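Structural overview
These are the residues of each chain, in order.
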Amino acid sequence: MPEVLRRSTGRIASNGLAARIDRVVDSAVEAGRIVGCSVVVARDGQIVHERLAGWADRQSGTPVTAEHRFRLASMTKPVVVAAALALADRGDLDLRAPVHTVLPWFRPSLPDGAMPDVTLYHLLSHTAGLSYGFLHDENDDPHRAAGVSDGGDYTGVSLRENLERLARVPLQFPPGDGWCYSLGIDVAGAVIETVTGEPLPAAVARLVTDPLGMRDTGFSAAADRLVTAYADAAKPGRPARPMAAEDRVQFPGAGPIRLAPGRAADPAAYPSGGFGMVGTAGDYLAFLEAVRRCGAPILSPHAVRLMTRDAVPGRDLPVGPGTGFGLGFAVVRDGAFAGTPRPAGSFGWGGFYGTTCFVDPEAGWSVVALTNTALEGIFGAFPGEIETAVYGS
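Throughout what follows, the structure given in this document is the object of discussion. These figures come from a predicted structure and were not determined experimentally.

With that settled, the discussion passes to the overall build of the chain. Across its full length, the chain holds 11 helices and 16 strands. Relative to its length of 393 residues, the chain is compact, with a C-alpha radius of gyration of 20 Å against a globular reference of 21 Å. The principal-axis extent of the C-alpha atoms belonging to the chain is close to 60 × 45 × 40 Å. Of all 393 residues assigned to the chain, the portion counted as buried reaches 58%. Sequence separation of at least 24 residues holds for 66% of the intrachain contacts in the chain that already meet a minimum separation of 6. Looking at the chain as shown, the accessible area adds up to about 15100 Å², and 50% of this sits on carbon and sulfur atoms. In the chain, 35 positive and 42 negative side-chain charges are present, and the distance between their average locations comes to 3 Å.

Given below as structure tokens:
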């Protein structure tokens, strides 16, 4: 466990929080909705409950242990955003400078051929005009036509080659004129590599994970340390199915995401800044706590404000009603409208393999719930059930 966290003496958890969370976890695992999970809850920097449950691999009967790593998927994004902002804090990056001044080969254009400036701020806030392939109809996906990977499958190309292909896909809108969840954080990863002269995994380790003692978090892990990936069963009420070596899981309201779970065990696969990290709940909690405590020792308070304050106020976002977006995290604007017990100003995010997290700065909560089950662990009932258990209502 990273040294920045303390375990509770039990006083804080005596109000029934542990029992509520355990009921949620036990119910989800017993029903087969969740195959395995690791949940950690802290308040004011003190761990008040930890729970490991279910199976790292159901077929072999291997239980989840503290040694197992989970695929973080899009929970990678806040970590890579933090690395970029750490460089900006040092004066090594300018958030408002055109990205092509660092990556001359990345110059996407609008459908009319105009080539507007895309800045690092646009990339980190998902306002660059970029997109993801899975957000398009499978039969009309310009990314797939250009051979662009969303970061979760095997392609055999380098990060640069994938982004050069992305640069040939027309922008959805002029940078700054809209919001679209996108491969922008993968582009930011290439910026980080160029500015630091390091591979992205090394730069993220130096700037973020090593200072926080996140020793079990990175862009790959040994196969025997990774939980097996599962997907919801095709029929309701049936237990989740193991993912195939090359799988497709439907994104709600959009197209399929192409996944290769074995990619997380392959250090030769290009590092996707938006999708590629693996880690543990305890490690990720250390990251959330650094953000909650104004950034030390990795970020300035200004950088934390950029991450956790709504960067697109007034825009209706597809992440859900009552929700905005900062640089890396979704931000609650109105808890009642968003359908969550979390108050305005709380922030968090999730990952497609079945992971979620949130921070409530006002109440001091930091919560990580990692599962190996898509989509239940991110879009199903489970995340909301965990939130309700934390707040006790």
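Now, onward.
Once that is clear, we can look at the side chain of Arg263. Within the secondary structure, Arg263 sits in the loop between strand 9 (256-259) and strand 10 (278-279). For the buried residue Arg263, which engages in no salt bridge, the nearest side chain bearing the opposite charge is Asp153, 5.5 Å off. Other than its neighbours up to four places away in sequence, Arg263 contacts Gly151, Gly152, Asp153, Tyr154, Ala269, Tyr270 and Ser272.

Strand order across the open sheet formed by 3 strands is 7-6-16, with mixed pairing between neighbours. Both edges of this open sheet fall to strand 7 (241-242) and strand 16 (373-374), since each of them pairs with a single strand only.

Let's shift gears to helix 5 (residues 159-166). If you check which residues of helix 5 are buried, you get Leu159, Asn162, Leu163 and Leu166. Down the axis of helix 5, the buried side of the element spans an arc of 95°, and every buried residue falls inside it. Of the surrounding secondary structure, the elements contacted by the buried residues of helix 5 are helix 4 (142-146) and helix 6 (184-196).

For Ser74, the location among the structural elements is in the loop between strand 5 (70-71) and helix 2 (76-89). Here Lys77 takes part through its side chain, which lies 2.9 Å from a polar atom of the side chain of Ser74.

Moving on: the layout of surface pockets. In this structure, the largest pocket encloses a volume near 1000 Å³. Surrounding the largest pocket, 41 residues form its lining, Val319, Trp349, Gly350, Ile378 and Phe379 being those nearest its centre. For the lining of the largest pocket, the secondary-structure elements that each account for two or more residues are strand 12 (330-332), strand 13 (347-351), strand 14 (355-360), strand 15 (365-371) and helix 11 (382-391). A per-class count over the lining of the largest pocket returns 28 nonpolar, 11 polar and 2 charged.

Basis of the calculations
Residues numbered from 1 in each chain as written. Predicted model: local features only at pLDDT ≥ 70, side-chain atom pairs only at ≥ 80, totals over all residues. Heavy atoms only, no water. Helix = DSSP H or I, 4+ residues; strand = E, 2+ residues; numbered from the N terminus. Rg over C-alpha atoms; globule rule 2.2 N^0.38 Å. Buried < 20%, exposed > 50% of the residue type's maximum accessible area, 1.4 Å probe, protein only. Contact = heavy atoms within 4.5 Å. Areas by Shrake-Rupley, 256 points an atom, 1.4 Å probe, with all protein chains shown as cover. Lys, Arg positive; Asp, Glu negative; His and termini not counted. Charge placed at Lys NZ, Arg CZ, Asp CG, Glu CD. Salt bridge = Lys/Arg side-chain N within 4 Å of Asp/Glu carboxyl O. Pairing = 2+ DSSP bridges. Arc of directions from axis to C-beta. Polar contact = N/O pair within 3.5 Å; in protein donor to acceptor, adjacent residues only side chain to side chain. 1 Å grid on protein atoms, 1.4 Å probe; cavity = no way out; pocket = protein on both sides within 12 Å on 5 of 7 lines; lining within 4 Å. Points joined across faces, edges and corners; volume = space filled by probe spheres on them. Nonpolar A, V, L, I, M, F, W, Y, C, P; charged D, E, K, R; others polar.

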